[in-house]
Amino acid sequence: MKKNLSNKQIEKYSRQIVLKNVGTIGQKKILNSNVLVVGAGGLGCPVIDYLSRAGVGRLGIIDYDKIDPSNIHRQSIYTFKDVGKYKVDVLKRKIMDINPDVKTKIFKSKITIKNVDKILKQFDIIIDGSDNFKTKFLLNKFARKLKKTLIVGAISKYDGHVFSFNFKRNNEACLKCFYQSEVNEEVLNCESDGILGPVAGIVGNIQANEALKNILNLKNELKDKILIIDLLNLSFRQSSFSKKKNCVCGEK
């Protein structure tokens, strides 16, 4: 771990260092952390923005899409000057402008069964910003296998869901414990259902907050719970669920 913060870093991170649960020790933990963000869209953008500003030492980003005009209203780091460029290329450059302390590793590909194990092994915390359940369940399976922390986000219309799993704990429920039955992929289809831009920003920021809490070893209020957000009615609630006997997380 980095021994001492430079005067420049103390000044840069002063507003979070002053927090009781952070301090210089906590800031060193953040500077020595490594996080992978899967998906650089509506959820990934605020996650990447705030984690880079917080000083996360190593930030991995995997995405294979180019920026489209329809992305701009909710994918907050991009501008119309970026349309047509690969998201990961744009993000690597912009993170350098935001915070040169951050080492960025980009993967210009889709995460699949063929590469997921190799990629996830390189990081301690995995943040899911994907827009489909196939990817979410793949991350759930391998984060559990590799004993990683997995923070899952989902958005649609005016609504959002957030999960936070620490698979270092053997008794931790998993995403499949909550979604026992098959999930209709159309549930997360922003193209057909729509999405209000700030919903993505709020859910992504909560995911970033959960990641920083994990790095700082703060209490996880979402253990075996889902955070359900209804921004049309300004409702935030938690719902508990338990580890299921016949779930894949019970497999050896």
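From a predicted model like this one, the values you see are computed outputs, not experimental measurements. (Residues numbered from 1 in each chain as written. Predicted model: local features only at pLDDT ≥ 70, side-chain atom pairs only at ≥ 80, totals over all residues. Heavy atoms only, no water.)

Colleague: Just checking my understanding: could you explain the packing of aromatic side chains for this structure?
Modeller: What describes a pair of aromatic rings is the distance from one ring centre to the other and the angle between the planes of the rings. Taken as a whole, this structure holds 11 aromatic pairs when the rule is applied. Aromatic side chains F163 and F165 sit 5.7 Å apart centroid to centroid with 15 degrees between the ring planes, which places their arrangement in the stacked category. On the numbers, 5.3 Å between centres and 65 degrees between planes, the contact of F178 with F241 is edge-to-face. Separated by 63 residues along the polypeptide, F178 in helix α8 (residues 175-178) and F241 in the segment after β8 (235-240) bring together distant segments of the chain. What links up through ring pairs into an aromatic cluster is the set F133, F137, F163, F165, F167, F178, Y179 and F241. (Phe/Tyr/Trp six-rings, centres within 6.5 Å; stacked < 30°, edge-to-face > 60°. Helix = DSSP H or I, 4+ residues; strand = E, 2+ residues; numbered from the N terminus.)

Colleague: Whenever I open this one, the sheet that holds strand β3 (residues 103-107) confuses me. Can you help?
Modeller: Working definition: the strands of a sheet are paired by backbone hydrogen bonds and lie parallel or antiparallel to each other. Spatially, 8 strands are ordered β3-β2-β1-β4-β5-β6-β7-β8 in an open sheet, and the strand pairing comes out mixed. The sheet is open, and its two edges are formed by β3 and β8, each paired on a single side. With strand direction ignored, the average angle separating the axes of adjacent strands in the sheet is 15 degrees. Two strands pair when backbone bridges link them, and strand β5 (residues 149-156) and strand β6 (residues 159-166) are joined in this way by 8 bridges, in the antiparallel orientation. Within the sheet, the bridge partner assigned to G153 lies in β6 and is V162. Here helix α5 (residues 87-98) sits on the sheet and contacts β2 (58-62) and β3; the angle it forms with β3, its principal contact strand, is near 175 degrees. (Pairing = 2+ DSSP bridges. Axes fitted to C-alpha atoms, helices over the stretch in contact; angles between N-to-C directions. Contact = heavy atoms within 4.5 Å.)

Colleague: Would you mind showing me how to read the nonpolar core here?
Modeller: Counting residues in hydrophobic clusters, the biggest one holds 32 residues, and the most contacted among them are L36, L120, I126, L139, L150, F163 and F165. Of all the elements in the fold, those that place two or more residues in this core are β1 (34-38), α6 (116-120), α7 (133-145), β5, β6, α8 and β7 (225-230). Considering every element that reaches this core, the biggest residue donor is α7, with 6 residues. Judged by nonpolar contacts, the second largest core, of 30 residues, contains I48, I67, I72 and V90. (Core = buried A, V, L, I, M, F, W, Y, C linked by side-chain atoms within 4.5 Å. Buried < 20%, exposed > 50% of the residue type's maximum accessible area, 1.4 Å probe, protein only.)

Colleague: Is there a simple way to think about unusual backbone geometry in this case?
Modeller: A negative phi angle characterises most non-glycine residues, just as the trans form characterises most peptide bonds. Positive phi outside glycine occurs at N217, with the angle close to 60 degrees. Position of N217 among the secondary structure elements: in the loop between α10 (197-215) and β7. The exposed category is assigned to N217, whose relative accessible area is 59%. Phi at L234 is positive, roughly 50 degrees, even though this residue is not glycine. A residue is classified by how much of its surface remains accessible, and L234, at 69% relative accessible area, is exposed.

Colleague: What should I look at first to understand α5 in this one?
Modeller: Since the α-helix advances by 3.6 residues per turn, residues separated by three or four positions end up pointing in the same direction. For α5, which comprises 12 residues, the first-to-last C-alpha distance of 16 Å matches the rise-based estimate of 16 Å (1.5 Å per residue) to within 8%. Regarding α5, the residues found buried are K87, V88, V90, L91, K94 and I95. Mapping the buried residues of α5 onto a view down its axis gives an arc of 150 degrees, with all of them on the same face. In the core, the buried residues of α5 are packed alongside α4 (44-54), β2 and β3. (Expected span 1.5 Å × (residues − 1). Arc of directions from axis to C-beta.)

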